[in-house]
Amino acid sequence: MEAYVFSARGERTALPVLLGWDVVHSALDCDAFELTVPLAEGLSEALETAAAISCTHEGMTVFTGVVDEYELRALPSGGEALISGRGYAAYLLDNEAESAEYWNPGIELILERHVYPWRITDVEYGRMECRGRFSISSGTSQWKVLREFCMFAAGTVPRFDRSGRLILTGAKGGEADLSGAPVIEERYLAQRSGVFSHVLVKNSAGVSSTVENPRAAGLGLLCRRVVNVPRSVRYDTMRSTGEYQIEQSERLSRVLTVTLPLMFPAFAGDTVRLAGTPLGTSGRFFVAESRCRAGGGSGETVLRLTREE
């Protein structure tokens, strides 16, 4: 893998040959990276002004993000630098919104006021509108504003792809057929805690809707969540909000983790096909998280998967 850091003025510096890396792409949280490189002439000056980073592997962009910190080390074996940071969602997570109320806001308004000012300009979106009043509390992160708008307007979750593009359409990434690929380790986790038995959705006008989870009832689970929505959210939207919360709790309660001796075989948001694994798993799966790590002459990728419905 090759990596380049960029100053706020756009000056690019190629990093020395990497000693190791740990790159995480997530469809649920912020992407993250950690790189280790040997010290070289001019490296400390480049890192002092580094604002962003881009990584490629065999000509393909595999990570784009923000440099959060670096550390220089002097060791008996020689000097090295540890560089870490997050994906572009960091720009929205680190900046708070002012309190506001919008009536029937469309996606263009949300982007103009809560996304574009924070260096996020490459966005894939379609027609989206939140009917009625959409309220924002002071101190809410711009990322939470965007997530809540997408959920209420279209039932989607925003995510960034590996090139740093913000995807708001709910579109999945690419597809990879990993049938017959070598597997270092395979794990399947089915957990009951955290699965919602029912969700109560309510607004300040006193209107509420309770959505139940039949599978949870059959297992004897009892785990309620209460979700507050804007006053003007319609009843059908309230029910779909509850259904979405239950669906997410169900989806993440059954996770397949596969470790492969491959570099970047798939990314978060992709769909992969498996067959012939040690546990006899087969079918199509959504990549909730991919983690590619390397060092000491070897490398692997860990995929956290949920089954495609």
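Residues numbered from 1 in each chain as written. Predicted model: local features only at pLDDT ≥ 70, side-chain atom pairs only at ≥ 80, totals over all residues. Heavy atoms only, no water.

> Would you mind going over the overall build of the chain with me for this structure?
Helices and strands together make up the secondary structure of the chain, namely 6 helices and 21 strands. Taking 2.2 N^0.38 as the reference for a compact globule, 309 residues should give roughly 19 Å; the C-alpha atoms of the chain span a radius of gyration of 22 Å, in line with that estimate. Structurally, the chain occupies a C-alpha span of about 65 × 50 × 30 Å along its principal axes. When burial is assessed residue by residue, the chain has 48% of its 309 residues classed as buried. Counted over contacts in the chain with a minimum sequence separation of 6, partners at least 24 positions apart contribute 65%. (Helix = DSSP H or I, 4+ residues; strand = E, 2+ residues; numbered from the N terminus. Rg over C-alpha atoms; globule rule 2.2 N^0.38 Å. Buried < 20%, exposed > 50% of the residue type's maximum accessible area, 1.4 Å probe, protein only. Contact = heavy atoms within 4.5 Å.)

> How do you make sense of the nonpolar core when you look at a structure like this?
A general tendency of soluble globular proteins is for nonpolar side chains to be buried together. In this structure, Ile 120, Phe 134, Leu 146, Leu 166 and Leu 168 are the most contacted members of the largest nonpolar core, which totals 41 residues. Residue assignment for this core shows that the elements contributing at least two residues are α2 (89-93), β8 (100-103), α3 (107-114), β10 (133-136), α4 (142-154), β15 (198-202) and α6 (235-251). The biggest single contributor to this core is α4, with 7 residues. Contact partners of Leu 168, with chain neighbours within four places excluded, come to Ile 107, Leu 111, Val 123, Glu 124, Tyr 125, Met 128, Leu 146, Cys 150, Thr 156 and Pro 158. (Core = buried A, V, L, I, M, F, W, Y, C linked by side-chain atoms within 4.5 Å.)

> For this particular structure, what's the right way to read unusual backbone geometry?
Note: most peptide bonds trans; most residues except glycine with negative phi. For Arg 119, which is not glycine, the phi torsion reads 70° and is therefore positive. Mapped onto the elements of the fold, Arg 119 is located in the loop between α3 and β9 (123-124). Residue classification places Arg 119 among the exposed residues on the basis of a relative accessible area of 60%. Residues other than glycine seldom take positive phi values, yet Phe 264 does so here, at roughly 50°. The exposure class assigned to Phe 264 is buried, which follows from its relative accessible area of 6%.

> Explain the packing of aromatic side chains here, please?
Each aromatic ring pair is characterised by the separation of its centres together with the angle its planes make. The final tally for this structure, using the stated rule, is 5 aromatic pairs. The interplanar angle of 25° and the centroid separation of 6.0 Å between the aromatic rings of Trp 143 and Phe 160 together place this pair among those described as stacked. Here the residue Trp 143 occupies a position in helix α4, and Phe 160 occupies one in strand β11 (residues 159-160), the gap between them amounting to 17 residues. Summarising the burial analysis for this pair, Trp 143 and Phe 160 share the class buried. Between the NZ or CZ atom of Arg 12 and the centre of the ring of Tyr 4, over which it lies, the distance is 4.2 Å. Above the face of the Phe 267 ring, Arg 162 is positioned so that its terminal group lies 4.6 Å from the ring centre. (Phe/Tyr/Trp six-rings, centres within 6.5 Å; stacked < 30°, edge-to-face > 60°. Lys NZ or Arg CZ within 6 Å of the ring centre and 35° of its normal.)

> Is there a simple way to think about the side chain of Ser 84 in this case?
Here Ser 84 lies in strand β7 (residues 78-87). Sequence-distant contacts of Ser 84, defined by excluding residues within four places in its chain, comprise Phe 33, Glu 34, Val 66, Val 67, Asp 68 and Glu 69.

> What's the story with the sheet that holds β9 in this structure? I'm lost.
By way of backbone hydrogen bonds, the strands of a sheet pair with one another, either parallel or antiparallel. Read across the sheet, 3 strands follow the order β9-β12-β11 without closing on themselves; strand pairing throughout is mixed. Strand pairing shows two members of the sheet lacking a second neighbour, β9 and β11, which therefore form its edges. Here β11 pairs with strand β12 (residues 166-167) via 2 bridges, running antiparallel. Residue pairing across strands places Arg 159 opposite Ile 167, the latter belonging to β12. (Pairing = 2+ DSSP bridges.)

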